[in-house]
Every structure is written in C-alpha cells, then in structure tokens.
Amino acid sequence: VQLQASGGGLVQAGGSLRLSCVASGRTFGWYTMGWFRQAPGKEREFVAAIRWSAGAESSYYADSVKGRFTISGDNAKSTVYLQMNSLKPEDTAVYYCGFLIGSYYYSREDKYDYWGQGTLVTVSS
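Computed from a predicted model, the values in this text were never measured in an experiment.

Asker: Before we go on, may I ask you to explain the overall build of the protein chain in this structure?
Answerer: When you go through the protein chain residue by residue, the secondary structure sums to zero helices and 11 strands. Helices and strands in the protein chain line up, N terminus first, as β-β-β-β-β-β-β-β-β-β-β. Relative to the compact-globule value of 14 Å for 125 residues, the protein chain shows a C-alpha radius of gyration of 14 Å, a close match. Principal axes of the C-alpha set define a box for the protein chain whose edges measure 40 × 25 × 25 Å. Per-residue burial over the protein chain gives 42% buried out of 125 residues. Counting only contacts in the protein chain whose residues sit at least 6 apart along the sequence, the fraction spanning at least 24 positions is 54%. When the accessible surface of the protein chain is split by element, carbon and sulfur atoms take 46% of a total near 6300 Å².

The structure is reproduced here in structure tokens:
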C-alpha cells in the first residue's frame, strides 16, 4: 500500500485547510486511515481516523481537534480527507497519513502498517 498525502500549506489563525490522502495498492475489507501530526520537538500524536468495516464507517477524533476538524473519506477510492477549520498556531505540524489493516487501535501510531510522506501545515498568529 502506498499513501500520497497533499494539501498542507500556510494559513492564518482562524483559517481553514483540507488535507487529502490516497491509498493505492491492495484493497481490504476492514481498514482504517488516520491522520497524525508531529510538531517541532514533540512526539507524533493522533489527530483523527476513519474506519471502514463490513460497509460501516466510523470516525474518531483527538479531543484537541473535536469540533474544528472533520475527517471524511471515500471507501471505494481509499481516500481520506481532513477538513481543518478554526486553525490555531498550535496546530502547526507535519501531518502524516497512516493506513491500518484490521485493527481497532486507530489512535496507536505503532499499530499502523503504512505511512505516507508528511505534509506541512503552518498556522501563523
């Protein structure tokens, strides 16, 4: 599985950005695509994830982004989006897209099987 992330950039505080991630390669009936971020000098942290299993879709968020970020996706296209609104300077980070096969541990970085390249999001104050 290869992941291609895009959509990062520079935005002022209060602005919006949308990240995209496309997975290519093998297909799976039960998988999760998630977003993590890593700010300078900090560890990578969970942001949001969307899971597809037996036709059902579930989404999950870190508390720090609830109400501001929305994850969505297209299972048929193995594509996930992260709509980020009301951005804050503390959202500045490199955002990574991950792909997790058949597991419930959507917030665990170590459980993800594949990663895309990061995309930088910079929020100026």
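Asker: Would you take a moment to explain the side chain of S103 for this structure?
Answerer: Structurally, S103 is set in the loop between β9 (93-101) and β10 (114-115). Looking at S103, its side chain comes within polar contact range of the main-chain nitrogen of Y105, at 3.1 Å.

Asker: Would you mind going over the packing of aromatic side chains with me for this structure?
Answerer: Each aromatic ring pair is summarised here by two numbers: the centre-to-centre distance and the angle between the ring planes. Using the criterion set out here, one finds 11 aromatic pairs in the structure. On the basis of an interplanar angle of 55° and a centroid distance of 5.7 Å, the ring pair of F28 and F99 is categorised as tilted. Of the two residues, F28 is situated in the loop between β3 (17-24) and β4 (30-38) and F99 in strand β9; the sequence distance between them amounts to 71 residues. Of the two residues, F28 and F99, both sit in the buried class. Summarising the aromatic geometry, the rings of Y60 and Y106 are spaced 3.9 Å apart at their centres and angled 15° between planes, so their arrangement reads as stacked. Taken together, the residues span a long stretch of sequence, with Y60 in strand β6 (residues 56-61) and Y106 in the loop between β9 and β10 at a distance of 46 residues. Exposure remark for Y60: the relative accessible area of 18% places this residue in the buried category. Through pairs of rings, three or more aromatic residues link up here, namely F36, F46, Y60, Y106, Y112 and W115. Here R44 stacks its cationic end above the ring of W115, 4.9 Å away from the centre of that ring. Above the plane of the ring of Y105 lies K111, whose end atom (NZ or CZ) is 5.1 Å from the centre.

Asker: Before we go on, may I ask you to explain the sheet that holds strand β1 (residues 2-6) in this structure?
Answerer: The strands that make up a sheet pair up through hydrogen bonds in the backbone, lying either parallel or antiparallel. Pairing is antiparallel across the open sheet formed by four strands, whose spatial order is β1-β3-β8-β7. Both outer strands of the open sheet, β1 and β7 (69-74), are each paired with one neighbouring strand and no more. On average, each strand axis in the sheet is inclined to that of its neighbour by 15°, with strand direction left out of account. One ladder, built from six bridges, connects β7 with strand β8 (residues 79-84); its direction is antiparallel. Counted as the bridge partner of T70 is Q83 from β8.

What counts, and where the lines are drawn
- Residues numbered from 1 in each chain as written.
- Predicted model: local features only at pLDDT ≥ 70, side-chain atom pairs only at ≥ 80, totals over all residues.
- Heavy atoms only, no water.
- Helix = DSSP H or I, 4+ residues; strand = E, 2+ residues; numbered from the N terminus.
- Rg over C-alpha atoms; globule rule 2.2 N^0.38 Å.
- Buried < 20%, exposed > 50% of the residue type's maximum accessible area, 1.4 Å probe, protein only.
- Contact = heavy atoms within 4.5 Å.
- Areas by Shrake-Rupley, 256 points an atom, 1.4 Å probe, with all protein chains shown as cover.
- Polar contact = N/O pair within 3.5 Å; in protein donor to acceptor, adjacent residues only side chain to side chain.
- Phe/Tyr/Trp six-rings, centres within 6.5 Å; stacked < 30°, edge-to-face > 60°.
- Lys NZ or Arg CZ within 6 Å of the ring centre and 35° of its normal.
- Pairing = 2+ DSSP bridges.
- Axes fitted to C-alpha atoms, helices over the stretch in contact; angles between N-to-C directions.

Distances and angles like these do not, on their own, reveal function.
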